[in-house]
Every structure is written in C-alpha cells, then in structure tokens.
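Reading the structure
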4 protein chains.
Amino acid sequence: MGKGRIEAFSDGVLAIIITIMVLELKIPHEAELTALQPLIPVFLSYLLSFVYIGIYWNNHHHLLQAVRQVNGNVLWANLHLLFWLSLIPFVTGWTGENHSAALPVAFYGGVLLFAAIAYYILTQVLIAYEGRDSALAIAVGRDWKGKISVVIYAIAIPLAFLSSWLSLGLYVLVAVMWLIPDRRIERALLS
Amino acid sequence: MGKGRIEAFSDGVLAIIITIMVLELKIPHEAELTALQPLIPVFLSYLLSFVYIGIYWNNHHHLLQAVRQVNGNVLWANLHLLFWLSLIPFVTGWTGENHSAALPVAFYGGVLLFAAIAYYILTQVLIAYEGRDSALAIAVGRDWKGKISVVIYAIAIPLAFLSSWLSLGLYVLVAVMWLIPDRRIERALLS
Amino acid sequence: MGKGRIEAFSDGVLAIIITIMVLELKIPHEAELTALQPLIPVFLSYLLSFVYIGIYWNNHHHLLQAVRQVNGNVLWANLHLLFWLSLIPFVTGWTGENHSAALPVAFYGGVLLFAAIAYYILTQVLIAYEGRDSALAIAVGRDWKGKISVVIYAIAIPLAFLSSWLSLGLYVLVAVMWLIPDRRIERALLS
Amino acid sequence: MGKGRIEAFSDGVLAIIITIMVLELKIPHEAELTALQPLIPVFLSYLLSFVYIGIYWNNHHHLLQAVRQVNGNVLWANLHLLFWLSLIPFVTGWTGENHSAALPVAFYGGVLLFAAIAYYILTQVLIAYEGRDSALAIAVGRDWKGKISVVIYAIAIPLAFLSSWLSLGLYVLVAVMWLIPDRRIERALLS
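What comes next is a walk through the structure. (Residues numbered from 1 in each chain as written. Chains lettered and ligands numbered in written order. Predicted model: local features only at pLDDT ≥ 70, side-chain atom pairs only at ≥ 80, totals over all residues. Heavy atoms only, no water.)

Looking at the relation of the copies chain D and chain A
Note on the copies: chain D fits chain A at an RMSD of 0.0 Å, the axial shift is 0.0 Å, and the rotation between them is 90°. Given the turn and translation reported, the copies of this chain are related as if by a four-fold rotation axis. Residue Gly12(D), judged by its C-alpha, is the member of chain D lying nearest the rotation axis, at 4.3 Å. Little of the interface of chain D is mirrored in chain A: 3% of its interface residues are interface residues there too. (Least-squares fit on C-alpha atoms with pLDDT ≥ 70 in both. Contact = heavy atoms within 4.5 Å.)

Some remarks on the side chain of Asn58(A)
By the secondary structure assignment, Asn58(A) is in helix α3 (residues 39-65). In contact with Asn58(A), not counting residues within four places along its chain, are Leu75(D) and Trp76(D). (Helix = DSSP H or I, 4+ residues; strand = E, 2+ residues; numbered from the N terminus.)

A look at helix α9 (residues 164-179) of chain D
The terminal C-alpha atoms of α9(D), which comprises 16 residues, lie 23 Å apart, in line with the 22 Å expected from a rise of 1.5 Å per residue. Of all the residues in α9(D), the buried ones are Ser164(D), Ser167(D), Leu168(D), Tyr171(D), Val174(D), Ala175(D), Met177(D) and Trp178(D). (Expected span 1.5 Å × (residues − 1). Buried < 20%, exposed > 50% of the residue type's maximum accessible area, 1.4 Å probe, protein only.)

Digging into the interface of chain D and chain A
Interfaces are often sized by the amount of accessible area the parts lose when they come together. The partner chain A presents 37 residues to the 30 residues of chain D that form the contact. Taken together, both faces of the contact between chain D and chain A bury some 3000 Å²; the carbon and sulfur share is 74%. For Asp11(A), the salt bridge identified is with Arg5(D), shortest N-O distance 2.7 Å. The interface formed by chain D and chain A includes 6 residue pairs in polar contact (both at pLDDT 80 or more). Of all the secondary-structure elements, those providing two or more residues to the side of chain D that touches chain A are α1 (4-20), α4 (72-86), α5 (88-97) and α6 (102-130) of chain D. (Buried area = accessible area lost by both parts, 1.4 Å probe. Salt bridge = Lys/Arg side-chain N within 4 Å of Asp/Glu carboxyl O. Polar contact = N/O pair within 3.5 Å; in protein donor to acceptor, adjacent residues only side chain to side chain.)

Overview of unusual backbone geometry
Non-glycine residue His99(C) carries a positive phi angle of around 50°. Accessibility expressed as a relative area gives 49% for His99(C), which makes it partly exposed. Look at Ser100(D): it is not a glycine, yet its phi comes out positive at around 60°. By the secondary structure assignment, Ser100(D) is in the loop between α5 and α6.

A few points about the pattern of salt bridges
Under the defined criterion, the tally for this structure stands at 8 salt bridges over all chains. Here Glu24(D) makes a salt bridge to Lys26(D), at a shortest N to O gap of 3.6 Å.

A short note on the interface of chain B and chain A
Contact with chain B, which involves 37 residues of that partner, is made by 30 residues of chain A. Counting the surface lost from both chain B and chain A, the interface buries some 3000 Å², and carbon and sulfur atoms represent 74% of this. Where chain B packs against chain A, one counts 1 salt bridge. Along the contact surface separating chain B from chain A lie 6 residue pairs in polar contact (both at pLDDT 80 or more). Take the side of chain B that touches chain A: its biggest share by element is 15 residues, from helix α3 (residues 39-65) of chain B. For the side of chain B that touches chain A, the residue count by class is 22 nonpolar, 9 polar and 6 charged. (Nonpolar A, V, L, I, M, F, W, Y, C, P; charged D, E, K, R; others polar.)

Below, the structure written as structure tokens:
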C-alpha cells in the first residue's frame, strides 16, 4: 500500500487545523487598540499551537519519509494522532479566551500529552512494520525527546492548578526543545 | 483518465469534513468543569463521526488502490458519496446538541444509510468499469459487510423513536464491525 | 511549468468551497421536524451548488488533463475562475435563507454567469498556449454548451424579478445539461 | 528531502486561507440591495486579499519550482511565511468591517510587511541551500520588487493615520506591480 494518500490526507487535516485556529481571533467591531487587548492571550495561544502543529507536520514529514509502505494499522495509528491534534483548536481557543485559567491550560496539556502518546504509537507501529533494524528504527533511536516530552506534559498538567503560567512555560519549553537541537541529533544519528 | 485527482479531491473533502466537525465543540466562556458538561454528548458524537469518516477514508483508499483508471461515471458516483458524507457534520452536531433525541439520531442513521448506499453504488460503478473478473471485483467479493451495514441502519432508524441509545449502539456496532475484523477478511480474500 | 500544483491548489479550493457551504445548514436547537422546515430551501440551494461545484471540478479535471504545461496566464485565469466560484457559498446561503427571493436568485445567477465566463477565458488561455490544432482545441470544439449556458444565465438573471422559481429552474436546466449528455458529445469528439 | 509535501501543505493552507476569508461576507437576512451596502468594503478588502494570496501562491509556485530539495530550515522558513499569511483573513475582516479605519489598515499593512519579510527570508534560506550560483539565485537576482514592496509597506503603515485610503492605494499598487510586469522581467532573466 502506497504512502501517498496518507501523506495527502494528513497534510489536508493539519493544514485545516492550523488555519481554522485563526478563526478564534474574532474580528473586533471597533477600530481601536483597546479592542485588540482581549485578543492578545488568544493570539499567543494561537502562536503556540501554530508552532506545535508545525512541529508535528515537520516530524510527520520526516517519519513518513523513512517509510516505504503502509498497512491498515498505520492508517489507524495515523488517524488516532490526527484525532488528538484536531482537538488543539478547541483547547487553544479555551485557553486563550479564559486568559490562561488553570483548567483550560491543564486540558491543553492533556491534548498535547495524548497527541505525544499517539505519535509514539504511530512510530512504534511503523517500526513494527518496517523491522527493528530498518533505517526508520535507527533514525528514531531511543526517542528520548518523545519520552521527555511526555514526562514534562505529565508534570505540567497538575502544575496548572498551582500556576498556569508555569505550565504554559513548560509547553513552550517542549516546543523549543523540538525546534532547536533537532538538527544536531539528526546529524549524530545519521553519522 | 487518471485517478490522482479524484483521490486528491476526496482527500481534501474528507479532511475538511473531519476537521470542521470539531467546530461544533463550541468553546465555553467559563473555565470550569461544569462548562464542559454540555459538551460531552457533542464530543461523543464527534468521536463516532470521526471514526466513521476515518473508516470511509480508509475503505475509499483501499477501493481506489485496486483501480487503475476512472471515467465520468466514477467521478459522479464519488461526488454522490461525498455529498452524503458532507451532511455528517450537520447530523453529528444536531445529535450532540440535543443529547441524542430520537429525531436527530434517526436522521444521523439516515445519512449513514445513504452514505453506505452511495459507497455500494461507487463500488458497483468501479466493478462495471474494471470488469467482473478484475482484482477489484474479487477483492470486494459479495460485500456482505456493506449489505449487513445497510440492514442494521434500516433497523436502527425506526428504533431511534423507541430508544435512541439503542440506535446509537447499533451505529457503534457497525463502526466496530468495520474496524476490527477487516484484516482477517482481507487476508482470506488475498489468499 | 508543471500542472501538478495548479491542480492541487484548485482541488483544495473547490473541496473547501463544497464543504463550507454545508455550514450554512445551521444546526437547529430543537429536535423536532418543524425545526428542519426553514432549512429545506437552504438544503435545496446547497444541493444545487454542490452539483455546480461538482460539474466545475469535473470539467476542470477534464480540461487540465488535455494540457501538458501551464504558464503565468493560466495560473491567473484559473485564480479568476476560483474567485467567482468562491462567492458561490455566499449566494447559496443568501438564496436559501431568503426562500429564493428575487434579488439573491439574481445574484446567484450573476455569480454563475461570471464563473462561466471565467471558465471560458481559462479555456481560451489554455488553447492559446497549446495551439489552435492541439488535442485540447479539438476537444473543446465550438464549446456550444458553454455559450448556451451563458445565454441562459443572461436570461435567467432579469427573469428572477418576475419569477425567481423560473430562474432557479433555468439554473437546474443548465446543471442537467452539463450532467447528462456529456458523454455522448465526448464520444463524438473522440471518434 | 523531497519538496512534494511542502508544496502540498502550503497549497492546503493557502487554499483554506483564500476560501475562509469569504466567510467574513456575512449573509444578510434581508433580500434587498441596501442589505448588501455594508458588505461592499468587506467585499473590496476580500478582493484585495484574494489577489495577494494569489500572488503569494503564484510566487511560491515559481520559487519552489527552481528548487530540487528542501531541508529543515526551509520547512520552518515556509511555516513562518504561512503564519503571517494566516493572519490575512483577520486583518482583511477587520479592515472591511470598519470601513477602512486607520488602525485596521495599518495592521493590514503590518501583516503584508511581515509576510514580505518572511518571503524574503524563505528566498534567502533556499538560496543558501541551493548555492549562490544556482538557477534559483540567478532567477531571484537582486529581488528589487521584493525590496520595493517592503519600502512601500513601511511608508503606507504610518500613512494610514493620515489617510487610510492612500495606504490602501499603496497596497493595491504593490499588488499591481507584482501582477503586471512579472513576465517581462521573467523573460529578461531567462534570456
């Protein structure tokens, strides 16, 4: 089974998720700076989620590139990941509209946690299909970044009830971790 | 006529359907757990519809993979299927918002029924084009799963007026039927 | 310049247009049949527009299949067509919500007219690029269907102020004209 | 790393951006011409933004055509561009709804400015990857159009507080500049 359509479908869903989030930036009826003020937390949560969807698209792109064929298990593991990512616009809007109150921030972390687990499952399903000594298995390696992310989310979720800003800081930290040192590791793995 | 664009267009429509359904999860203005309570039935109907669209995408993927070329009839049979699937967000939202009242659940079943019939028509149009002894015709076989689904929907629709939960249970049953034993049959057909 | 991306982008835009129209079917708050009654004209205008977008996608598919390469003119002629088609959800919703009042129906016809003209321009730009004796030019032929459509729209628009139902009947007639006898002509042209 | 998916994802995002803007054309409840009057500025800002997204899609298409492979930097430079473009529906709606008041027009210009800068960065990242003497580097040349655009935006933004119509005129001017003389330059560069 070719991988072209799973890529096309995932691209479509991710493109829609990333774009409909902007609809939460409700257009103000006044043309004044003060009218934009309540939109600032919505904008910041949009920015964070945009980066997260970007990271997922990026990693998804890399992951499927190392794969030649897919089977039914892969299709469903992929849909499972897309399901959790499809909830990101909801938790993004909820967090933004409530100025980062504890509960929405905790739910945001919950969705990130389940998306991370879904991504891990997708990786494992692909490795099971490609083989333990495939290029994919070697490239994924021990996947410490994926594991650390899950741990940080698990800490950040209860933490939201103490300080939602600390939780959001941890989500930003995970995003930065995926953004910056990616290439160094990639090179290390490829060498 | 190549099949690339029919796949791309269907992927686009299905990706949008699966993603706009989440917009029915209206973001609550309060940051409390009680604010999420009215969203639970909306979420559950979203989950069911997500799985259904996933199944259709999956089956559509398999179906077109067994095909080499398409003609005008196939394009219209495909659009007919997409039309019924495009109504799923409406019946999903109606069912969710009315806590699974009888009428929305019956309409939900009606859309599932017509989508199943449209899928059956698409299969037959493709077999007519590919030939009765084509790989596709053999892979589809007697299509008992498709036929049983139609029968179950036809029972579930009037049943909604007795117990909408029983109807929803039957819709879940059909979804599970398509999800689980798929591979065993596939193998049987391929052997 | 390859034609792959112009197809992909058009598929994306058409898939979104065809799917967001369904958002005009506002989910009723009651679970009763009477709550669906005001949705009937909205549903019928959705159905008509779905068929129209389907016809355009279908014809667009055929048109670009006869083409090998595209240039900047083609890209802009294509965007011009997509612009008019992007207004179809607006006139569809306006027509449906106002129970086919004269003005929305006339505007609907206006958008159909400009879309038909835009499609004609796209055809001519492609023929100018491919050459007067290309397979495309022969396949398009005199394009009497395109010309008749424009004439019917031009009649139907002022007619809406006498009887909007007669105008809508003419729009349906054009759709049927494109749906049904297509293959016979196709065969005639190919023989 | 192939460029197919970056094209597909960008096409998806741009197709959604261009299409969801039309949702700002809120369907009036009355079927009269006066009901359309408040929509005229919304329509005009939609038209301008449609042309801008069209130009970006067009240029993006050309840019990636001159490229063979992409790396992680390119993916992020591309996402950065898509981020700014994703804000165009917001500033379009804000400008349209407030009849081109100073502040929304200035913000519109700000988003255009940052999108132009993001496009410049994408170009530079691609040239850095392809090499200073690549076909891409030669085709882009000194990129005076990109630089002039940035200068015009930088003038138009403060100008909005004197006359928002003058600012909008400058945005139209930049759009026309990209639309019309493109081909002459292209030919000059190719000869």
